[in-house]
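Descriptive structure summary
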Amino acid sequence: MYELIKKDGMAKRGRLHTVHGTIETPVFMNVGTAAVIKGAVSTDDLRGIKTQVELSNTYHLHVRPGDKVIKQLGGLHKFMNWDKPILTDSGGFQVFSLAGLRKIKEEGVHFHSHIDGKKIFMGPEESMQIQSNLASTIAMAFDECPSSVADRAYMEQSVARTTRWLKRCKDEMARLNSLPDTINPNQMLFGINQGGIYEDIRVEHAKKIAELGLDGYAVGGLAVGESHEEMYRILEAVVPVLPENKPTYLMGVGTPANILEGVDRGVDFFDCVYPTRNGRHGHVYTNHGKLNLFNAKYELDDRPIEEGCQCPACRSYSRAYIRHLLKAKEMLGMRLCVLHNLYFYNTMMEEIREAIDAGNYEEYKRIKLEGVLGRK
Ligand SMILES: [Zn+2]
């Protein structure tokens, strides 16, 4: 159940109560695609860097090690030793971005595994069954994520099919949640809004899915090549149409600046690979812009990545040492950068919540933006 605690302009401060604990929103979900955060980060580490929600991927876990294996081992929470909320995405996005040859039909999608080329079929029912086996806290609906440059006619028929698929997801989820051997019978379902950059298609679709009374609503298919301004314009059109008393999730977004702007347009949930992917490449976020620790100017720099940061990297190690580890290809270098970046994102979300609570989000956003963009 979602509780809207406060609004500051369009920015929402909420709480989503789940069987795995309460999620304070706005929240940034930490992405662990294959039930692990890349960079040798354990769930014990996550407990020390303010992680509220871990995000795993249906398609990847279905392919390896297999959702049935995970079910036999007691579900994803037990498998990875994480008792807080987990969101699983539906596999839709990966089917459309990773998988080779594919065929979209009304019943679902036929495609080949990117690991071994094996033929796989996934439709709304299969995606719900896999996510039920994984027993995540929140399951995402199976949707088609069309190319953002798809023409209008294609987009219209794709979105209509996504709506039909969503109804099938809802029915299948209700059936699975009523079975006696389901690990998490309280699994929640979020629907996904699509429509590319066509504002009117998006708004019509948002109205239709809002009628289904789901646990939350995501805006998908953004941050895939359109400009930031276009993304903000779509959010301004779509979010007001989605139910205010349900969480809103902007999928796959983004930079700290994108998140600050998303919150300002009513978004509760975010996820993105940037902090982990950038961390693995020695790019770290600070309130004075992003640093590249491979840069020679850090060779003798004995300061932490960011003065005052309480993350495991900054509490104990210098820029010079982490730079040395990265140059020597030591795994610890990568790991420390990922931990710092996730801590930076999770702390920013905490500050965002405090700013909304205090009713000064606009002021906070202005100052934080200058910092993360390196203009301070
Ligand atoms: Zn740090």
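Residues numbered from 1 in each chain as written. Predicted model: local features only at pLDDT ≥ 70, side-chain atom pairs only at ≥ 80, totals over all residues. Heavy atoms only, no water.

A few points about the overall build of the chain
On a plain count of helices and strands, the chain comes out with 15 helices and 16 strands. Against the compact-globule benchmark of 21 Å for 376 residues, the chain has a radius of gyration of 20 Å, which places it among compact chains. Projected onto the principal axes, the alpha-carbon positions of the chain cover approximately 60 × 45 × 40 Å. Considering the chain as a whole, with its 376 residues, one finds that 56% of them fall into the buried category. Here the contacts in the chain between residues at least 6 apart in sequence split such that 67% fall between residues at least 24 apart. Accessible area of the chain: about 15600 Å², with a carbon and sulfur share of 51%. Considering the chain, the positive charge centre built from 48 side chains and the negative charge centre built from 48 side chains are found 4 Å apart. (Helix = DSSP H or I, 4+ residues; strand = E, 2+ residues; numbered from the N terminus. Rg over C-alpha atoms; globule rule 2.2 N^0.38 Å. Buried < 20%, exposed > 50% of the residue type's maximum accessible area, 1.4 Å probe, protein only. Contact = heavy atoms within 4.5 Å. Areas by Shrake-Rupley, 256 points an atom, 1.4 Å probe, with all protein chains shown as cover. Lys, Arg positive; Asp, Glu negative; His and termini not counted. Charge placed at Lys NZ, Arg CZ, Asp CG, Glu CD.)

Side note on the environment of Ile-322
As for its placement among the helices and strands, Ile-322 is situated in helix H13 (residues 319-327). Residue Ile-322 is classed as buried on the basis of its relative accessible area of 0%. On a C-alpha basis, the gap between Ile-322 and His-228 in space is 32 Å, while along the polypeptide they are 94 residues apart. For Ile-322, the residues in contact, after removing those within four places along its chain, are Leu-293, Ile-305, Ala-313, Tyr-317, Gly-333, Leu-336 and Cys-337.

A few points about the coordination of the zinc ion
Those donors, Cys-309 (SG), Cys-311 (SG), Cys-314 (SG) and His-340 (ND1), are the protein atoms that reach the zinc ion, and they lie 2.1 to 2.3 Å from it. Going along the chain, you hit the donors of the zinc ion in the pattern C-x1-C-x2-C-x25-H. On the criterion of sequence distance, the pair formed by Cys-309 in the loop between strand S16 (289-292) and helix H12 (312-316) and His-340 in helix H14 (residues 331-358) is long-range, its members being 31 residues apart. Taken individually, Cys-309 and His-340 each receive the classification buried, so the pair is uniform in this respect. (Donors = N, O, S within 2.8 Å, 3.2 Å for Na, K, Ca; no water.)

A short note on the pairing of strand S6 (residues 86-89)
The alternating pattern of S6 places Ile-86 and Thr-88 and Leu-87 and Asp-89 on opposite faces, both of which are buried. Two strands pair when backbone bridges link them, and strand S5 (residues 54-57) and S6 are joined in this way by four bridges, in the parallel orientation. Bridging from a neighbouring strand, Leu-55 pairs with Leu-87 of S6. By the bridge criterion, two bridges tie S6 to strand S10 (residues 138-140) in an arrangement that is parallel. Bridging across to S10, Leu-87 finds its partner in Ile-138. (Pairing = 2+ DSSP bridges.)

Section: the sheet that holds S10
Read once around its circumference, the closed barrel built from eight strands follows the order S4-S5-S6-S10-S11-S12-S13-S14, with strand pairing classed as parallel. Taken pair by pair, the neighbouring strands of this sheet meet at an average axis angle of 30 degrees, ignoring direction. (Axes fitted to C-alpha atoms, helices over the stretch in contact; angles between N-to-C directions.)

Focus: the sheet that holds strand S2 (residues 11-18)
Strand order in this open sheet of three strands is S1-S2-S3, and the pairing throughout is antiparallel. The open sheet is flanked by strand S1 (2-8) and strand S3 (21-25), the only strands paired with a single partner. For this sheet, the mean inter-axis angle between neighbouring strands, taken without regard to orientation, is 10 degrees. Bridge count for S2 against S3 is five bridges, and the pairing is antiparallel. Bridge pairing in S3 places Thr-18 opposite Gly-21.

Considering the packing of helix H10 (residues 256-264) against H14
Direction vectors running N to C along H10 and H14 enclose 25 degrees, while the axes themselves pass 12 Å from each other. One finds that H10 runs roughly parallel with respect to H14. Between H10 and H14 lies a crossing of right-handed hand. Contacts between H10 and H14 involve Pro-256, Ile-259, Leu-260 and Val-263 from the former and Phe-344, Tyr-345, Met-348, Met-349, Ile-352 and Ile-356 from the latter. Split into classes, the residues belonging to the contact of H10 with H14 amount to 10 nonpolar, no polar and no charged. (Parallel < 35°, antiparallel > 145°, perpendicular 65-115°, else oblique. Left-handed = near helix turned anticlockwise from the far one by under 90°. Nonpolar A, V, L, I, M, F, W, Y, C, P; charged D, E, K, R; others polar.)

Side note on H14
Relative to the 40 Å expected for 28 residues at 1.5 Å per residue, H14 spans 41 Å between its end C-alpha atoms, a close match to the ideal helical length. A positive phi of about 75 degrees marks Gly-359, the residue just after H14. (Expected span 1.5 Å × (residues − 1).)

Considerations on unusual backbone geometry
The omega angle of the peptide bond from Thr-25 to Pro-26 is 0 degrees, so this bond is cis rather than trans. Mapped onto the secondary structure, Pro-26 falls in the loop between S3 and strand S4 (27-31). In the segment running from Arg-64 into Pro-65, the intervening peptide bond is cis, with an omega of 5 degrees. By secondary structure assignment, the location of Pro-65 is in the loop between helix H2 (58-63) and helix H3 (67-72). Despite not being glycine, Asn-81 shows a phi value in the positive range, around 55 degrees. Its location among the elements puts Asn-81 in the loop between helix H4 (76-80) and S6.

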